[in-house]
Amino acid sequence: MEDGQQNKKVVFIIQARMQSSRLPGKVLMPLPLWGAKPLLMWVIEELRKSKHCGEIVIATSKNKENDSLEDFCIKNEITCFRGEEDDVLSRFITILRDADYNTVVRLTADNPIIDINTLDETINFHLLEENDYTCTDILPTGMNFEVIRAQSLLKMPDQVLTENDREHVTLFIRNNQKYKKGVFNPVLNKSLKYLRLTVDYASDLLVTSSVLQYGERNGLRGLKLVQAVLIDAPYIFQANTSNIQKKQFKDAKNELNFAIQILQKYDLHRSVSLLEKHKD
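Here the structure is a predicted model, which means the values were calculated and not measured. (Residues numbered from 1 in each chain as written. Predicted model: local features only at pLDDT ≥ 70, side-chain atom pairs only at ≥ 80, totals over all residues. Heavy atoms only, no water.)

A. Focus on the overall build of the chain. Scanning the chain for helices and strands turns up 11 helices and seven strands. Per-residue burial for the chain yields a buried fraction of 49% across its 280 residues. Pairs at least 24 residues apart make up 66% of the contacts formed inside the chain by residues separated by at least 6 positions. Surface accessibility of the chain: about 14,600 Å² in total, with carbon and sulfur atoms responsible for 49%. (Helix = DSSP H or I, 4+ residues; strand = E, 2+ residues; numbered from the N terminus. Buried < 20%, exposed > 50% of the residue type's maximum accessible area, 1.4 Å probe, protein only. Contact = heavy atoms within 4.5 Å. Areas by Shrake-Rupley, 256 points an atom, 1.4 Å probe, with all protein chains shown as cover.)

B. Structural detail: the packing of aromatic side chains. Enumeration according to the criterion identifies two aromatic pairs in this entry. Between the aromatic rings of Phe-172 and Tyr-179, the centroid separation amounts to 6.2 Å while the plane-to-plane angle is 75°, which identifies the pairing as edge-to-face. The ring of Trp-42 is capped by Lys-37, whose NZ or CZ atom sits 3.8 Å from the centre of that ring. (Phe/Tyr/Trp six-rings, centres within 6.5 Å; stacked < 30°, edge-to-face > 60°. Lys NZ or Arg CZ within 6 Å of the ring centre and 35° of its normal.)

C. Spotlight on the environment of Thr-170. Counting through the fold element by element, Thr-170 comes out in the loop between helix 6 (163–168) and helix 7 (171–174). Looking at Thr-170, the relative accessible area reads 0%, which means it is buried. Counting along the chain gives 64 residues from Thr-170 to Arg-106, while the straight-line C-alpha distance between them is 8.9 Å. Residues within four places of Thr-170 in sequence aside, it is in contact with Arg-106, Tyr-133, Glu-146 and Ile-148.

D. Molecular detail of the pairing of strand 1 (residues 9–15). Across the seven residues that make up strand 1, a large majority, six, are buried. Sheet topology places strand 1 next to strand 2 (residues 55–61); five bridges connect them, and they run parallel. Bridge pairing in strand 2 links Ile-14 to Ile-58. (Pairing = 2+ DSSP bridges.)

E. Quick look at helix 3 (residues 88–97). Burial analysis of helix 3 places seven of its 10 residues in the buried class, the great majority of the element. Taken as a whole, helix 3 has its buried residues at Val-88, Leu-89, Arg-91, Phe-92, Ile-93, Ile-95 and Leu-96. Looking at the buried positions of helix 3, the neighbouring elements they touch are strand 1, strand 2, strand 3 (79–83), strand 4 (101–108), helix 5 (150–154) and helix 6.

F. Main features of the nonpolar core. Core analysis: the largest hydrophobic core is formed by 52 residues, its most contacted members being Phe-12, Ile-14, Ile-44, Leu-47, Ile-58, Val-211 and Phe-237. Ranked by residues supplied to this core, first place goes to helix 1 (residues 39–47) with seven residues. Beyond its immediate stretch of four places on either side in the chain, Val-211 contacts Ile-113, Leu-197, Leu-225, Val-229, Ile-236 and Phe-237. Counting residues in each nonpolar core, the second largest holds 23 residues, with Val-57, Val-88, Ala-150 and Tyr-179 among its members. (Core = buried A, V, L, I, M, F, W, Y, C linked by side-chain atoms within 4.5 Å.)

G. Region of interest: the sheet that holds strand 3. Pairing within the open sheet is mixed, and its seven strands lie in the order 3-2-1-4-6-5-7. On the outer flanks of this sheet lie strand 3 and strand 7 (181–183), each paired with one strand and no other. Neighbouring strand axes in the sheet, compared pairwise and without regard to direction, differ in orientation by 25° on average. Bridge count between strand 2 and strand 3: five bridges; the pairing is parallel. Paired with Ile-58 across the two strands is Cys-80, which belongs to strand 3. Strand contacts of helix 2 (residues 67–75): strand 2 and strand 3, with the helix running at about 160° to strand 3, the strand carrying the most contacts. (Axes fitted to C-alpha atoms, helices over the stretch in contact; angles between N-to-C directions.)

H. Molecular detail of the pattern of salt bridges. Overall, the coordinates contain 18 salt bridges when judged by the stated rule. One salt bridge in this structure joins Arg-221 and Glu-46, with 3.5 Å as the shortest N-O distance. Residue Arg-221 is located in the loop between helix 8 (202–218) and helix 9 (222–232), and its partner Glu-46 is located in helix 1; the two are separated by 175 residues in the primary sequence. Judged by relative accessible area, which is 6%, Glu-46 ranks as buried. One salt bridge connects Arg-174 with Glu-146, and the closest N-O pair in it is separated by 3.6 Å. You can see Arg-174 sitting in helix 7 and its partner Glu-146 sitting in strand 6 (residues 146–149), a full 28 residues away along the chain. (Salt bridge = Lys/Arg side-chain N within 4 Å of Asp/Glu carboxyl O.)

I. Molecular detail of the side chain of Thr-60. With respect to the helices and strands, Thr-60 occurs in strand 2. Reaching out from Thr-60, the side chain makes a polar contact with the backbone oxygen of Ala-16 at a distance of 2.7 Å. Setting aside chain neighbours within four positions, we find Thr-60 in contact with Ala-16, Arg-17, Asn-66, Leu-69, Cys-80, Phe-81, Arg-82, Gly-83 and Arg-91. (Polar contact = N/O pair within 3.5 Å; in protein donor to acceptor, adjacent residues only side chain to side chain.)

J. Inspection of the packing of helix 8 against helix 9 at higher detail. Where helix 8 meets helix 9, the axes come as close as 10 Å, and the angle between the chain directions of the two elements is 105°. Relative to helix 9, the element helix 8 lies roughly perpendicular. Across the interface between the two elements, Val-211, Leu-212, Tyr-214 and Gly-215 of helix 8 pack against Leu-225, Ala-228, Val-229 and Asp-232 of helix 9. Across the contact of helix 8 with helix 9, the residue classes break down as six nonpolar, one polar and one charged. (Parallel < 35°, antiparallel > 145°, perpendicular 65-115°, else oblique. Nonpolar A, V, L, I, M, F, W, Y, C, P; charged D, E, K, R; others polar.)

Pasting the structure below:
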C-alpha cells in the first residue's frame, strides 16, 4: 500500500459533549439505569477489545459544561481533546496533526452498543481496499461505523468547506466523487437495520438500558446481544420507534422530502400539500 496503511496506527475518535437539547448530560448517565458504569464507558471498554489496538481520544468542546467530561477522562486515564463547539472537523484535524495516525474511526458517545468484531472487519476491509472512506449501513441505528484515511481528512480543501462540512466531519468526503468510498456490510438478520440503539431521547435510554441489562445477565455483547433480545423480548424495541433520527442532507430537496415523510407519518396532510408545491 502506497502510504503503508497496514503499518501505522488506528485512532478511535469519540465525539462527546454534555450539552444535548433532548437529553442533557446523557454521555455520563449510568447504564443500565441505576448502575455504576456511565454510557461513555461502555463505548470505551468495547473499543479496548479491538484487535487493532487503536488509541482512544475523546473529542469535545471548550464549553464549560464539558469540564465534567474532561474530569471523567482524567480519572479514567483517557486522552481528551477540547476544541471548537461548532467546528467538530477542526478537532479531528488537530488530533491527527499531532500524531502519526493513518486510519481514523469516527464514533459518537451516545452509541453504547458496539459489535467489535464487525468494527475490526470494517477496518480490515477499509485497509485492504485502500479506501478514503468506508462505512457500514445495515446495522441498527447507533451501531454503524465510519472509517477514514487520515490523510483524506488532513488534505480536505479548507477554503470550500461549509459550516455543515465542519460540523459533520465526513460530509464533504461522502458528497465528493473524487474520494474512493466503500461499504462493508456483514451478513446478518435484515430486520436488525430498523432497530434504534442510539441515545437521543429518554425512551432511547430506556431501550439501551434494557438491552444492556439483558446482556449483563446472559453474557452477550454486540450484534449477538441485539439478536437475542429481538427474539426473546422484541417489545423492548417498540419503545422508541417514533423517535426521529437526525440526518445530514446533500441538498434542500432531500431535506424537504424527509420533512414530508415525517408530516405524512402524523397525518398532517395540509402541510404535506403545501410542501409538495415547493418540491421543484
